[in-house]
Amino acid sequence: MRTLSFTIFDNKTTEAFMEEKALVDIYREVLADIDTRFLTRGDKAGLSGLFLPSMPDCYASARNKVMVVGCETRAWYVKLPKKDENFLHGYIDSAMDTHRQHLVCELKKSKSRGRSFFNFMRDVSAKVGQEGLVYSNLLCNSWQKKSPLKSPDLEEIVHCSEHLLKAQIKFLQPDLIIFANGIASAAVRRSFFPIDDKNSDRACYNSRDFSEQGVRKHHLWAFDLDVGLDRRIPCYRIHHPSARAPEADLARKFLLGLLPSESQISNGPRPQLSPAT
């Protein structure tokens with residue numbers, strides 16, 4: 001799996017680079033050496049199709065750029081490329097189309113009964129706007145329609161997932177990130193973004209909570225994610241949105257109140273991005 005570096009240019013416009021084609025090129029490079037058995041259509045007994053987030057059409061000009069990171073999809077079917085296509089390139093295009101269509105469809109729906117990930121996504125979309133909303137996942141595959149944490153391919157899934165998620169964050173440069181992947185995969189999130197002060201590779205700084213406002217750290221925690229070149233992205237960690245505990249529900253509602261509204265422009269400078277170099 002290839003590791004990419006990203007630089008910030010000051011002589012180009014953000015819009016010039018913030019096109020989905022550039023994200024496609026990044027996926028192609030990250031996945032250049034992937035074992036093709038992971039590029040599957042997806043089946044109930046084994047691995048799902050590969051989860052590759054698309055990019056909203058108006059992302060570059062969106063007032064609020066917000067990324068929500070879930071855990072994994074229960075099932076994810078990707079249409080395989082035609083025989084005359086480059087398989088990797090065609091698969092990436094198909095996987096991104098699957099993501100785009102799924103997200104658009106879910107956001108159009110009315111809120112369902114109970115608590116769910118997409119009920120939360122609809123709440124976030126209603127607050128910050130849909131144009132800059134990115135739906136990502138911590139893990140890029142599910143296994144047997146559930147978490148891949150017990151999959152025999154877990155090591156490879158985690159390795160690929162880390163590179164993909166970091167590439168998405170560094171290219172898209174969201175104004176803020178909400179980690180809503182839940183407790184079960186918290187150790188994976190910490191391995192991607194270390195928080196230990198003694199770890200020279202730690203990525204998380206300025207830890208803070210909202211206990212004085214009545215929300216325990218266990219349910220809502222904030223930190224800044226270092227993405228290099230003196231740029232840090234504010235982040236929030238909550239339980240998975242399906243969590244039923246009253247305190248978890250309170251934390252979600254409190255977090256929604258912290259998010260910028262669609263009529264507000266997020267604070268902080270907008271970096272001008274370049275694709276991988």
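Treat the numbers as computed from the prediction; the structure is a model and nothing was measured. (Residues numbered from 1 in each chain as written. Predicted model: local features only at pLDDT ≥ 70, side-chain atom pairs only at ≥ 80, totals over all residues. Heavy atoms only, no water.)

## Regarding the packing of aromatic side chains
A full pass over the atoms with the stated rule returns 12 aromatic pairs. Look at phenylalanine 117 and phenylalanine 118: their rings are 5.4 Å apart centre to centre, the planes differ by 85°, and that puts the pair in the edge-to-face class. Take phenylalanine 118: its relative accessible area is 12%, and that puts it in the buried class. Through a chain of ring-to-ring contacts, the aromatic side chains of Phe51, Trp76, Phe117, Phe118 and Tyr135 assemble into a single cluster. Over the ring of tyrosine 59 we find lysine 65; its NZ or CZ atom is 5.3 Å from the centre of that ring. For the cation-ring pair, arginine 232 lies above tyrosine 205, with the distance from its terminal atom to the ring centre recorded as 4.0 Å. (Phe/Tyr/Trp six-rings, centres within 6.5 Å; stacked < 30°, edge-to-face > 60°. Buried < 20%, exposed > 50% of the residue type's maximum accessible area, 1.4 Å probe, protein only. Lys NZ or Arg CZ within 6 Å of the ring centre and 35° of its normal.)

## With respect to helix H7 (residues 246-258)
The terminal C-alpha atoms of H7, which comprises 13 residues, lie 19 Å apart, in line with the 18 Å expected from a rise of 1.5 Å per residue. Regarding H7, the residues found buried are Ala248, Asp249, Ala251, Arg252, Leu255 and Leu256. Axial view of H7: buried residues confined to an arc of 160°, hence all on one face. Exposed positions of H7 whose direction lies more than 90 degrees from the buried face are Pro246, Lys253 and Gly257. (Helix = DSSP H or I, 4+ residues; strand = E, 2+ residues; numbered from the N terminus. Expected span 1.5 Å × (residues − 1). Arc of directions from axis to C-beta.)

## Side note on the packing of helix H4 (residues 117-128) against H7
Across the interface, H4 lies against H7 with an axial gap of 10 Å and an inter-helix angle of 20°. Classified by the angle their axes make, H4 and H7 are roughly parallel. Helix-helix and strand crossings are classified by hand; for H4 and H7 the assignment is right-handed. Counting all contacts with H4, which are made through Phe120, Asp123, Val124 and Lys127, the residues of H7 involved are Arg252, Leu255, Leu256 and Gly257. Of the residues that constitute the contact of H4 with H7, the class distribution is 4 nonpolar, 1 polar and 3 charged. (Axes fitted to C-alpha atoms, helices over the stretch in contact; angles between N-to-C directions. Parallel < 35°, antiparallel > 145°, perpendicular 65-115°, else oblique. Left-handed = near helix turned anticlockwise from the far one by under 90°. Contact = heavy atoms within 4.5 Å. Nonpolar A, V, L, I, M, F, W, Y, C, P; charged D, E, K, R; others polar.)

## Here we look at the nonpolar core
Val68, Val124, Ile178 and Leu225 are the most contacted members of the largest nonpolar core, which has 78 residues in total. Looking at which element gives the most residues to this core, the answer is helix H5 (residues 154-172), with 9 residues. (Core = buried A, V, L, I, M, F, W, Y, C linked by side-chain atoms within 4.5 Å.)

## Remarks on the sheet that holds strand S1 (residues 66-70)
The sheet built from 6 strands is open, its strands ordered S2-S1-S3-S6-S5-S4 with mixed pairing. Looking at the sheet topology across the chains shown, the edges are occupied by strand S2 (133-137) and strand S4 (204-209). Across the sheet, the mean angle separating the axes of adjacent strands is 20° when strand polarity is ignored. Summarising the sheet, S1 and strand S3 (residues 176-179) pair through 4 bridges and their orientation is parallel. Opposite valine 66, over in S3, you have leucine 176 as the bridge partner. H5 contacts S1, S2, S3, strand S5 (220-226) and strand S6 (232-238) of the sheet and is inclined by roughly 170° relative to S1. Where H7 meets the sheet, its contacts fall on S3, S5 and S6, and the angle it forms with S6 comes to roughly 155°. (Pairing = 2+ DSSP bridges.)

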